[in-house]
Amino acid sequence: MDKIKSSWLMVLTLVFMSGCGDSIVDVNHNEGVFSQGIVSTNGRKSSRAFDLESVDMVRSNGLSYLNSLRSSAGMLSFGSDSYLNAAALSHALYLVSSNTFGHYESKKTRGFTGITPWERAVAHGYPHYQVSENVSGGNSNVKDSIDGLFSAIYHRFGFLDFSFDEVGIGKATSSRYAYTNAYNYDMGIAGMSEICSNNDALNSYHYYTQVCADLTQKVDEEAFSMVMEYNKNLNPKVVVWPYDGQQDSKTVFYEESPDPLPECGVSGYPISIQFNDIKNGSIDMGSFKLFNVTTNQEVTNTKLMNKSNDPNQRFTDKQFALFPMERLNWNTNYRVEIEYNENGVYQKRNWSFKTKSLPYQYFVVTGNNQSFSVARGGTYLFYMKPANCNDVLREATASGLAVGIGFYDTNTIQITIPNQSGNIFVTPSNGRNFTIHVN
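Residues numbered from 1 in each chain as written. Predicted model: local features only at pLDDT ≥ 70, side-chain atom pairs only at ≥ 80, totals over all residues. Heavy atoms only, no water.

**Focus: helix 1 (residues 55-72)**
No. 1: For helix 1, built from 18 residues, the straight-helix expectation of 26 Å at 1.5 Å per residue is met to within 8% by its first-to-last C-alpha distance of 25 Å.
No. 2: Buried residues along helix 1 sit against helix 4 (142-151), helix 5 (153-159), strand 8 (166-173), strand 9 (181-188) and strand 12 (238-241).
No. 3: At the exit of helix 1 stands Gly-74, carrying a positive phi of roughly 85°. (Helix = DSSP H or I, 4+ residues; strand = E, 2+ residues; numbered from the N terminus. Expected span 1.5 Å × (residues − 1). Contact = heavy atoms within 4.5 Å.)

**Comments concerning unusual backbone geometry**
No. 1: Cis geometry marks the peptide bond from Trp-241 to Pro-242, where omega comes out at -5°.
No. 2: Structurally, Pro-242 is set in the loop between strand 12 and strand 13 (252-253).
No. 3: The backbone phi angle of Thr-180 is positive, close to 65°, even though this residue is not glycine.
No. 4: You can see Thr-180 is positioned in the loop between strand 8 and strand 9.
No. 5: Positive phi, normally seen in glycine, also occurs at Asn-369, with a value near 60°.
No. 6: Checked against the element boundaries, Asn-369 lands in the loop between strand 22 (361-365) and strand 23 (370-374).

**Section: the sheet that holds strand 15 (residues 271-275)**
No. 1: With respect to topology, four strands assemble into an open sheet ordered 12-15-19-18, the strand pairing being antiparallel. Either end of the sheet is taken by a strand with one partner, and the two such strands are strand 12 and strand 18 (302-305). Adjacent strand axes in the sheet meet at a mean angle of 10° when their direction is disregarded.
No. 2: The pairing of strand 18 with strand 19 (residues 319-324) spans four bridges and is antiparallel. When the bridges of strand 19 are listed, Leu-304 appears paired with Leu-322. (Pairing = 2+ DSSP bridges. Axes fitted to C-alpha atoms, helices over the stretch in contact; angles between N-to-C directions.)

**Observations concerning the state of the cysteines**
No. 1: Summed over the entire model, instances satisfying the criterion amount to two disulfides.
No. 2: Linked covalently through their sulfurs, Cys-264 and Cys-389 form a disulfide whose S-S length is 2.2 Å. Between Cys-264 and Cys-389 the disulfide shows an S-S torsion of about -75°. By sign, it is left-handed. On the criterion of sequence distance, the pair formed by Cys-264 in the loop between strand 13 and strand 14 (267-268) and Cys-389 in the loop between strand 24 (379-384) and strand 25 (395-400) is long-range, its members being 125 residues apart.
No. 3: By sequence-ordered numbering of the bonded cysteines, the protein chain has its disulfides arranged as 1-2, 3-4. (Disulfide = S-S within 2.5 Å.)

Written out as structure tokens, the structure reads:
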């Protein structure tokens, strides 16, 4: 009997930004979600196969992919920073060596360089504390890591922040690590580094502290504001996701901590819009609609999230997200239509995107004891359509013909059929057994 356990993704975001005035700090902390895939064949457990990536390759590929996504959304590209790279790598190594996960480090643990992301960045030479961090574990490569972070709404907003313009990327791997791979992304602001390197920046009695590596250094309020607004001025007025014209959008969202949908374990991929706060006035969202272009029907089973109903109070008054309560269809065109008022003036915005295609023929399992016929020697996908928003597949077993079995995603089983006829009996954890007849 072949047995698999479903794969989960852990993603965390933590953001530090200083507030206005003398010695005022505001911390916005997003915790994250996780799961790790384990494959068991004939009773022998083995770790899921992971791509081998060098640190240089991770940084190069990760930066390129992040910038391709930001560019597609119309945003300023990230630069690479050596200090942030060092901080990101050190924390990834810390997570792997201590077999833990999260943003914080313990002084008593080997490999400690700083309790918080901003302390670690400064410890590695970064001139200031304006640092944001994303962490993920259990991914097979850096692209999957980034895609996983973009599927989680709080973490997506972190990568699409209007203020940051540079990033450091790190990755560590160990077969003894519970999650095999740890990826870390530390983001910062280049212009703030210039200010903190200039001790003569104080030109008035209005200033900030707790900004630079020297926490007592006084940073002129006007200079601080100019730097904080500089990247916002270079970024667009509005950013939408999936971006307009995207051809490979994901279809599903599972878990995030803190959880934006605590009542559900699975939903459709969230659609979001962010308004640049220095280029927009007050936003009053009127309607936020999603349409299946093929059927020209509105997707009505949705939940609109904003600052007032975000259960974790992470959204600003310029961020909105529409959660389809069921997975979007694969290989399907969708259209988004939004109506809102900006400072009382009516505005309308439409955009379109397409979800990704599947690499293999797939079947939808909706009931118990269904049967499917397939040809010998092929690979097929079996999507266990959730009966409700908490119907998440945890594991599955297969008996009969010896097969290659795994998870394409948490609710989709991937099976490679041998070149022989016979039957395969699949037993998922949700009890909806099905049979595959191989002709």
